[in-house]
Amino acid sequence: MREDTKAARRAQIERAAYKLLKERGYGGTSMLGIAKEAKASNETLYRWYGDKKGLFKTMVENNAWTTKAALDAAIRDEADPLVTLEDVAPILLSMLLGERAISLNRAAASDESGELGATIAAGGRDSVFSLIEKLIQRGLESSALTGPSARIAADWFLNLLIGDLQIRRVISTLPVPSDKDVHSRVVAAISAFSKLCST
């Protein structure tokens, strides 16, 4: 199968998985159900993803890919950490408050097994947090930033940026933010983080 055809099929499978996740929750969503919804074979799903956990892990990683790619590039190129955080913040915030992340988190909240929550943490927050921490560590070592530790400063940044916005989206008390809302939040978060950690 050609790579572009395979990518299109994977996107179709993921769309089907998000649809069923929203309708049935994580426990009620099966690989067979996803295969039928996506008009794909069950064998294909198991060959490509291993199992349901593997499929949802891929979905979480794909959702966070743009943020992680931007952070990876900045770390590799030794870019200014504060400028990088300002550039990455709207991408990260839009992703975390977008329909896909919210669908995953709503399903995880009702998944008593804890499997989906652990998958989201590993493929999403933990991997993004480690890259932000690494970026800030570079800033501390070069004296571009100051702070008690890279881990604490990374936690400050994420708390300032996200706060309770994602949980408010999950419980349907906050609509999808506009680009203007995202921009305003990013400006406020970067301003506060700069006061805490810029030299």
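Residues numbered from 1 in each chain as written. Predicted model: local features only at pLDDT ≥ 70, side-chain atom pairs only at ≥ 80, totals over all residues. Heavy atoms only, no water.

*Asks:* Looking at this structure, I do not really get the packing of aromatic side chains. What am I missing?
*Replies:* In this description, an aromatic ring pair is defined by two values, namely the gap between the centres and the angle between the planes. All chains considered together, the criterion is met by 2 aromatic pairs. Ring centres of Tyr26 and Phe56 lie 5.2 Å apart, and the angle between their planes is 80 degrees; on these two criteria the pair is classed as edge-to-face. With Tyr26 in the loop between α1 (3-24) and α2 (31-38) and Phe56 in helix α4 (residues 52-76), the pair connects residues that are 30 residues apart, well separated along the chain. Here Tyr26 matches Phe56 in class, with each residue buried. When the ring centre of Tyr26 is taken as reference, the NZ or CZ atom of Lys52 above it lies at 4.0 Å. (Phe/Tyr/Trp six-rings, centres within 6.5 Å; stacked < 30°, edge-to-face > 60°. Helix = DSSP H or I, 4+ residues; strand = E, 2+ residues; numbered from the N terminus. Buried < 20%, exposed > 50% of the residue type's maximum accessible area, 1.4 Å probe, protein only. Lys NZ or Arg CZ within 6 Å of the ring centre and 35° of its normal.)

*Asks:* What should I look at first to understand the layout of surface pockets in this one?
*Replies:* One simple way to see leftover space: roll a probe sized like a water molecule over the atoms. Each pocket or cavity is described by its volume, and for the largest pocket that value is around 430 Å³. For the lining of the largest pocket, a count of residues per class yields 14 nonpolar, 7 polar and 1 charged. (1 Å grid on protein atoms, 1.4 Å probe; cavity = no way out; pocket = protein on both sides within 12 Å on 5 of 7 lines; lining within 4 Å. Points joined across faces, edges and corners; volume = space filled by probe spheres on them. Nonpolar A, V, L, I, M, F, W, Y, C, P; charged D, E, K, R; others polar.)

*Asks:* How do you make sense of the packing of helix α5 (residues 81-97) against helix α6 (residues 99-110) when you look at a structure like this?
*Replies:* Packed helices, taken two at a time, are described by the angle their axes make and the gap between the axes. α6 packs onto α5 with a crossing angle of 50 degrees between their chain directions and a minimal axis gap of 4 Å. In terms of axis orientation, α5 runs oblique to α6. Here α5 contributes Met95, Leu96 and Leu97 to the contact with α6, which in turn contributes Glu99, Ala101 and Ile102. Among the residues forming the contact of α5 with α6, the class breakdown is 5 nonpolar, no polar and 1 charged. (Axes fitted to C-alpha atoms, helices over the stretch in contact; angles between N-to-C directions. Parallel < 35°, antiparallel > 145°, perpendicular 65-115°, else oblique. Contact = heavy atoms within 4.5 Å.)

*Asks:* Help me understand the side chain of Ser103 in this model?
*Replies:* Relative to the helices and strands, Ser103 resides in helix α6. Setting aside residues up to four positions removed in sequence, Ser103 forms contacts with Tyr18 and Leu21.

*Asks:* It is not clear to me how unusual backbone geometry should be interpreted in this structure. Could you clarify?
*Replies:* Apart from glycine, the bulk of residues carry a negative phi angle, and the bulk of peptide bonds sit in the trans form. Positioned with a positive phi, Glu78 is a non-glycine residue whose angle comes to about 55 degrees. On the secondary structure map, Glu78 appears in the loop between α4 and α5. In this structure, Ser143 is a non-glycine residue whose phi angle is positive, near 65 degrees. Relative accessible area serves as the criterion here: at 49%, Ser143 is assigned to the partly exposed category.

It is worth stressing that arrangement in space is one thing and function is another; only the former is reported here.
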